[in-house]
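Close look at the chain arrangement
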Amino acid sequence: MRERVVEVVHDVPEGAVTTYGDIAAVVGTGARQVGRIMSEGDAAWPWWRVTNAAGRLPEHLQVEALAAYREEGTPIRGDHADLRRARWRPGFDE
DNA sequence: AAGGTGACTGGCC
DNA sequence: AGGCCAGCCACCT
């Protein structure tokens, strides 16, 4: 289960983001599970490309995530990723 | 086995 | 936009 989530996270292209819910739908589990797995992940994978339905991440990661977005050109609106423009749906192109 | 918990969500107000 | 709420599902007491 955890491996499937990690796999999808690695498929998210630069400059785009996807949501817990989207990943959950693809791997067949609940969004909270994806979140739980993310919380156990390490810095080696692009965790910042996975946000909640509002395009946000927990407080302690927001700053780092925003920095990453600016670096790879992810559309940002205020203090969160602009999902309307940056959202990428797993399975759509694979 | 039973109940609590959380990087969540969609519906309603 | 922001808050509340009932579902949600795997993991931890």
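Refer to the structure printed above.
On a predicted model such as this, the values are computed, not experimentally measured, just so you know.

Considering helix α3 (residues 31-40)
Residues spaced three or four apart along an α-helix point in a common direction, a consequence of the helix completing one turn every 3.6 residues. Among all positions of α3, only V34, I37 and M38 are buried. All buried residues of α3 lie within an arc of 105 degrees about the axis, which places them on one face of the element. When the buried face of α3 is taken as reference, the exposed residues oriented beyond 90 degrees from it are R32 and S39. Against the buried residues of α3 lie α1 (2-11), α2 (20-27) and β2 (50-51).

Quick notes on the side chain of T18
Note that T18 resides in strand β1 (residues 18-19). Sequence-distant contacts of T18, defined by excluding residues within four places in its chain, comprise V12, I23, R49, V50, T51, W88 and P90.

Concerning the protein's contact with DNA strand B
Residues in close proximity to DNA strand B total 15 residues, the closest being Y20, R32, S39, A53 and P58. Counting only atoms of DNA strand B within 4 Å of the protein, the sugar-phosphate share comes to 38%. A distance of 2.3 Å is found between a base nitrogen of DNA strand B and a side-chain nitrogen or oxygen belonging to R32. Mapped by element, the contributors of at least two residues to the surface near DNA strand B are α2 and α3. Residues of the surface near DNA strand B, tallied by class, amount to eight nonpolar, six polar and one charged.

What about the protein's contact with DNA strand C?
The environment of DNA strand C is made up of T29, G30, R32, Q33 and R36. Those atoms of DNA strand C that come within 4 Å of the protein belong to sugar or phosphate at a rate of 70%. Residues that form the surface near DNA strand C fall into these classes: no nonpolar, three polar and two charged.

Considerations on the environment of T19
Mapped onto the secondary structure, T19 falls in strand β1. The spatial distance from the C-alpha of T19 to the C-alpha of E72 is 18 Å, given a sequence separation of 53 residues. The residues touching T19, leaving out its near neighbours within four places in the chain, are V50, T51, N52, A53, L83 and R87. Here R87 takes part through its side chain, which lies 3.3 Å from a polar atom of the side chain of T19.

Some thoughts on the nonpolar core
Counting residues in each nonpolar core, the largest one holds 23 residues, and the members touching the most others are V5, V9, I23, V34, M38 and Y69. Mapped onto this core, the elements with two or more residues apiece are α1, α2, α3, α4 (59-72) and α5 (83-86). Apart from residues lying up to four places away in sequence, V34 is in contact with V5, Y20, I23, A24 and T29.

Some words on the packing of α1 against α3
Packed helix pairs are characterised by how far apart their axes lie and by the angle those axes make with each other. One way to put it is that α1 packs onto α3 with a least axis distance of 10 Å and a crossing angle of 80 degrees. By the criterion of interaxial angle, the relationship of α1 to α3 is roughly perpendicular. Counting all contacts with α1, which are made through R2, V5 and V9, the residues of α3 involved are V34, I37, M38 and E40. Residues belonging to the contact of α1 with α3 are distributed by class as follows: five nonpolar, no polar and two charged.

Definitions and limits used
The residue count restarts for each chain, going from 1 along the sequence in the order it is written. Chain letters and ligand numbers both follow the written order, the letters beginning at A and the numbers at 1. Given that this is a predicted model, residues contribute local features only at a pLDDT of at least 70 and side-chain atom pairs are listed and counted only at 80 or more, while totals for whole chains, interfaces and linings are drawn from all residues. Hydrogens and water molecules were not included; the side-chain quantities draw on all heavy atoms of the structure. Exposure categories follow from relative accessible area, calculated using a 1.4 Å probe and restricted to protein chains: below 20% of the type maximum is buried, above 50% is exposed, and the middle band is partly exposed. A helix here means a DSSP run of H or I that spans at least four residues, while a strand means a run of E at least two residues long, and both kinds are numbered starting from the N terminus. Comment: arc refers to directions from the helix axis out to C-beta atoms. Pairs of residues are marked as contacts when any of their non-hydrogen atoms sit within 4.5 Å. By convention in this text, a residue qualifies as near a molecule or strand provided that one of its non-hydrogen atoms is within 4 Å of it. A 3.5 Å cut-off defines polar contacts: any pair of N or O atoms within that distance qualifies, except that in protein one atom must be a possible hydrogen donor and the other a possible acceptor, and neighbouring residues in sequence count only when both atoms are side-chain atoms. Throughout, the ten residues Ala, Val, Leu, Ile, Met, Phe, Trp, Tyr, Cys and Pro are labelled nonpolar, Asp, Glu, Lys and Arg are labelled charged, and all others, Gly among them, are labelled polar. In plain words, nonpolar cores are sets of buried Ala, Val, Leu, Ile, Met, Phe, Trp, Tyr and Cys residues tied together by side-chain atoms within 4.5 Å. For every element, the axis is a line fit to its C-alpha atoms; helices are fit only across the contacting stretch, and the angle between N-to-C directions ranges from 0 to 180 degrees. An angle below 35 degrees is treated as roughly parallel, one above 145 as roughly antiparallel, one from 65 to 115 as roughly perpendicular, and anything else as oblique.

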